[in-house]
Structures are given as C-alpha cells and as structure tokens.
Amino acid sequence: MIQTVIFDMDGVIVDTEPVHRYAYYKQFAELNIEVTEAMYTSFTGFSTRNTFQILKEQFQLGQEVEDLIQRKRTIFNDAFDTKEDLELLDGVRTLIEDLHQNGFQLILASSASKVTIDRVFNRFELHNYFTHVVSGEDFPNSKPHPAIFEYAASLSIAPNENCIVIEDSTNGVKAAKSAGIFCVGYISEHSKDQNLDEADCIINHFNELNSEVISRLN
C-alpha cells in the first residue's frame, strides 16, 4: 500500500518553465551564445548547476559556473516576482490536500534550487503539506541520475515499494525508475517533447488521481 508520494515541482505542481526559459534565454543573449531548442529541451529535469556545467564546456565560457548560476537566479527571481498569472497546475492542489488529509506523507524532490522552491512554496502556501523538501542543488548529478529520488525515499516513512513518484519529464521518469520507485508519468502541456514510456502508468490530468486510487498503485 502506498504511503509516501514524492512530487517533482516544475511541470507537476507549478509551471515555472516560461519564467526559467525567459531567464535562460536572456542570459544566453548576454553571453552571446546560441542554444538550440533541442539542446534546451535536453536540459529538462537538470539542475541549474548541471546545465551551466554543460554550457560552460560546450561554449568555452570564461565565467565561473557559480557566477553563471547567480546571474540566472537574479533574472529568474525578478521575473517570478512580477508574473501575476503564475498558478498551480489544474487539479494539483486538490490532490495534495486530499492526500494530506488521508494521511499520506508528501515529499518534494525537485531539480530547482532551494531559493526557487521556497519562493513557490511561500507564494502558494504549500509548506504545511510536505514533510521534506529536497533540492537538486544538493546533488552533483541531475536527473536521470537517481540520487535525488534515492535520498527522498530515504526520508520516507515507508520502504521504496510503498512510495511513488509523480514526474513529467523523460529524465525524471528515468531517475525514478533507476531508484526503484513506482512512477506516475504526468503528460503536462507545459513539458514539451518528453518521453514518459518508462513510467509505470501515465495520466493526463490530476483528476485521474486521488488518495484511494494512489493507495492501490504498484
């Protein structure tokens, strides 16, 4: 029986991707580098650090990775604070509240930085629902490496077989499966060109899930 639900954040709980995209491409212009759509899409699920580690090598950038990260976060935070139409994805608050009320443990495992996670959680008052928040910035390797989900599962009140992950990206699904955790693939309209075939089940909307359905998964 499922006792712990591990959520990704971007593309699952909230769609901050347009804000991230704006910040990245504004910075790419500042750096005078041309990042193709295919390359940008391949970074889905990556931490900002891993993204800039790749870009620094690919484009022989002279700036330190830490400086690149801080500049991107500054652009993102300024844009985030002025984006009035940012909302939780349809149906996800109802699911989170239902799971919480029915005794499920909720853990966030996101590639986003702690600062970004905290901004989202404060804006939408989510802290009380989640027992733990895990940020990808604490791990040297991004998804599809399983480290972030292995650590999230270690914080669970239940063994791996009683946990599930909800993910919307190819890299996220691969990471969950590599960690040996049942994975629900969410086809998000905000996560383009993602292959969720390795997920154990796939949903198109959060109204397909509730505490009763999730308790029977795996």
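Below is a short write-up of the structure. (Residues numbered from 1 in each chain as written. Predicted model: local features only at pLDDT ≥ 70, side-chain atom pairs only at ≥ 80, totals over all residues. Heavy atoms only, no water.)

1. Considerations on the overall build of the protein
- Within the protein, the regular secondary structure consists of nine helices and six strands.
- By residue count, 53% of the 218 residues in the protein fall in the buried class.
- Sequence-distant contacts in the protein: of pairs separated by 6 or more residues, those separated by 24 or more amount to 68%.
- When the accessible surface of the protein is split by element, carbon and sulfur atoms take 46% of a total near 10100 Å².
- Distance between charge centroids for the protein: 4 Å, based on 17 positive and 34 negative side chains. (Helix = DSSP H or I, 4+ residues; strand = E, 2+ residues; numbered from the N terminus. Buried < 20%, exposed > 50% of the residue type's maximum accessible area, 1.4 Å probe, protein only. Contact = heavy atoms within 4.5 Å. Areas by Shrake-Rupley, 256 points an atom, 1.4 Å probe, with all protein chains shown as cover. Lys, Arg positive; Asp, Glu negative; His and termini not counted. Charge placed at Lys NZ, Arg CZ, Asp CG, Glu CD.)

2. Some thoughts on the environment of E137
- In this structure, E137 sits in the loop between β3 (132-135) and α7 (147-154).
- Looking at E137, the relative accessible area reads 25%, which means it is partly exposed.
- Remark: the alpha-carbon pair of E137 and F46, spanning 91 residues in sequence, is separated by 9.6 Å.
- Non-local contacts of E137, meaning those with residues more than four positions away in its chain, are made with R49, R73, S111, A112, S113 and K114.

3. Observations concerning helix α6 (residues 114-124)
- Taken residue by residue, α6 has T116, I117, V120, F121 and F124 as its buried positions. Each buried residue of α6 sits inside an arc of 130 degrees when the element is viewed along its axis, so together they form one side.
- Buried residues along α6 sit in contact with α1 (17-31), α4 (65-82), α5 (92-101), β2 (105-110) and β3.
- Of the residues flanking the end of α6, it is E125, one or two places downstream, whose phi is positive at about 55 degrees. (Arc of directions from axis to C-beta.)

4. So, the sheet that holds strand β4 (residues 163-167)
- Reading across from one edge, β3-β2-β1-β4-β5-β6 is the order of the six strands in this open sheet, with parallel pairing throughout. Bordering the open sheet on either side are β3 and β6 (201-203), each of which pairs with just one other strand. Averaged over all adjacent pairs, the angle separating strand axes in this sheet is 25 degrees, with direction ignored.
- Judged from the four bridges that link them, strand β1 (residues 4-7) and β2 form a sheet pairing that is parallel. By the bridge assignment for β2, V5 is matched with L106. (Pairing = 2+ DSSP bridges. Axes fitted to C-alpha atoms, helices over the stretch in contact; angles between N-to-C directions.)

5. Describing the pairing of β4
- Burial runs high along β4: five of the five residues are buried.
- The two faces of β4 match: C163, V165 and E167 on one face and I164 and I166 on the other face are all buried.
- One ladder, built from four bridges, connects β1 with β4; its direction is parallel. Directly across from V5, in β4, lies its bridge partner I164.
- With four bridges connecting them, β4 and strand β5 (residues 182-186) associate as parallel partners.

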